[in-house]
Amino acid sequence: MEANLTRLIAVRHGETAWNVDTRIQGHLDIGLNATGLWQAQRAGQALADEPIAAVYASDLSRAWQTAQAIAEPHGLEVQPDLGLRERAFGRFEGMSFAEIEATLPEDARRWRERDPEFEPEGGGESLLTFRDRVTGTASAIAARHPGQLVVLVAHGGVMDVLYRAATRQELQAPRTWQLGNAAINRMLWTPEGFSLVGWSDIAHLATDAPLDETTT
């Protein structure tokens, strides 16, 4: 393996009750539901024979629990990184999609149109800020592990940013790729950037297709 190349496996957290309810989680700390715990264990089993050197995760419970299931077979401690957190959605957090559409129609429009400068009130991040945070964090982690395989466990929005970075797609490009709970996604990183190896591997989840991320 080239000395300056890092292999990355990016995994979205397992399912939560709020995923099922289409409720915005953002930085709120929501744990996995029973299905999510099962998905996390399945992801851990699927990656048990991989030569993983390190596991990094968002500190939010849903990602942390998923990461622990992946790290445990390798005897690794999960390393927290706040840069892997989901996009901050400000006053959207805790609201369902229907509630946002009904009570904040202009905000809902700018969000759905993927306005890159739109920041939900109450501390929300713009897509531009979020992209820079995620790509900067993932690049910094990868640069610490040249020639190794590293797992990043995070959120649907984080997966979306990484896919766009690896495929050179704009923030406003319509999404045609899946961001399922506990899906396994593979990339390469070099100092020149990210490239895609494989995306949305859900074979370990058998016939139970995971929920797609819909807040991106």
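Reading the values: rules and limits
Residues numbered from 1 in each chain as written. Predicted model: local features only at pLDDT ≥ 70, side-chain atom pairs only at ≥ 80, totals over all residues. Heavy atoms only, no water. Buried < 20%, exposed > 50% of the residue type's maximum accessible area, 1.4 Å probe, protein only. Helix = DSSP H or I, 4+ residues; strand = E, 2+ residues; numbered from the N terminus. Pairing = 2+ DSSP bridges. Salt bridge = Lys/Arg side-chain N within 4 Å of Asp/Glu carboxyl O. Expected span 1.5 Å × (residues − 1). Arc of directions from axis to C-beta. Contact = heavy atoms within 4.5 Å. Polar contact = N/O pair within 3.5 Å; in protein donor to acceptor, adjacent residues only side chain to side chain. Phe/Tyr/Trp six-rings, centres within 6.5 Å; stacked < 30°, edge-to-face > 60°. Lys NZ or Arg CZ within 6 Å of the ring centre and 35° of its normal.

**As for the pairing of strand S4 (residues 149-154)**
Then step 1. Of all six residues making up S4, six are buried, and the element is well covered by its neighbours.
Then step 2. Going residue by residue along S4, you find Leu149, Val151 and Val153 tucked away on one face and Val150, Leu152 and Ala154 tucked away on the opposite face as well.
Then step 3. In this structure, strand S2 (residues 52-57) lies alongside S4, joined through five bridges in parallel fashion. In the strand pairing of S4, Tyr56 is matched with Leu152.

**Focus: the pattern of salt bridges**
Then step 1. The final tally for this structure, using the stated rule, is 13 salt bridges.
Then step 2. Two residues, Glu99 and Arg23, come together in a salt bridge whose shortest N-O distance is 3.3 Å. One end of the pair, Glu99, is in helix H4 (residues 97-103); the other, Arg23, is in the loop between helix H1 (17-20) and helix H2 (34-46), with 76 residues separating them in the sequence.
Then step 3. Where Asp160 meets Arg164, a salt bridge forms, and the shortest distance between an N and an O atom there is 2.8 Å. You can see Asp160 and its partner Arg164 sitting in helix H7 (residues 156-167), four residues apart, about one turn around the helix. Judged on exposure class, the residue Asp160 and its partner Arg164 are both buried.
Then step 4. Shared partners join several salt bridges into a network, and the residues in it are Arg91, Asp107 and Glu121.

**Points about H2**
Then step 1. Spanning 13 residues, H2 covers 19 Å between terminal C-alpha atoms, matching the ideal 18 Å at 1.5 Å per step.
Then step 2. Listed in full, the buried residues belonging to H2 are Gly36, Gln39, Ala40, Ala43 and Gly44. The arc enclosing the buried residues of H2, seen along the axis, measures out at 140°, which places them on a common side. Along H2, the residues that are exposed and aim more than 90 degrees away from the buried face are Ala34 and Gln45.
Then step 3. Looking at the buried positions of H2, the neighbouring elements they touch are helix H3 (61-71).
Then step 4. Two to three positions downstream of the cap, the backbone nitrogen of Thr35 sits 3.1 Å from a side-chain oxygen, assigning the N-cap of H2 to Asn33.

**So, the packing of aromatic side chains**
Then step 1. Applying the stated rule across the entire model yields seven aromatic pairs.
Then step 2. Ring geometry for Phe97 versus Trp111: centroids 5.9 Å apart, planes at 65°, classification edge-to-face. Residue Phe97 is found in helix H4, and its partner Trp111 is found in helix H5 (residues 105-112); the two are separated by 14 residues along the sequence.
Then step 3. Judged by relative accessible area, Trp111 falls into the buried class, the value being 4%.
Then step 4. For the pair Tyr163 and Trp199, a centre-to-centre distance of 4.9 Å together with 70° between the ring planes defines the contact as edge-to-face. Here Tyr163, found in helix H7, pairs with Trp199, found in strand S6 (residues 193-201); they are 36 residues apart in sequence, far enough to count as distant.
Then step 5. Note on Tyr163: relative accessible area 13%, which makes it buried.
Then step 6. We classify Trp199 as buried; its relative accessible area is 18%.
Then step 7. Taken together, the ring pairs connect Phe89, Phe92, Phe97, Trp111 and Phe118 into an aromatic cluster.
Then step 8. Stacked on the ring of Phe97, the Lys or Arg Arg112 has its end atom at 5.1 Å from the ring centre.
Then step 9. Of note, Arg112 hangs over the ring of Trp111, and the distance from its end group to the ring centre comes to 4.4 Å.

The values reported here are purely geometric and, on their own, carry no functional implication.
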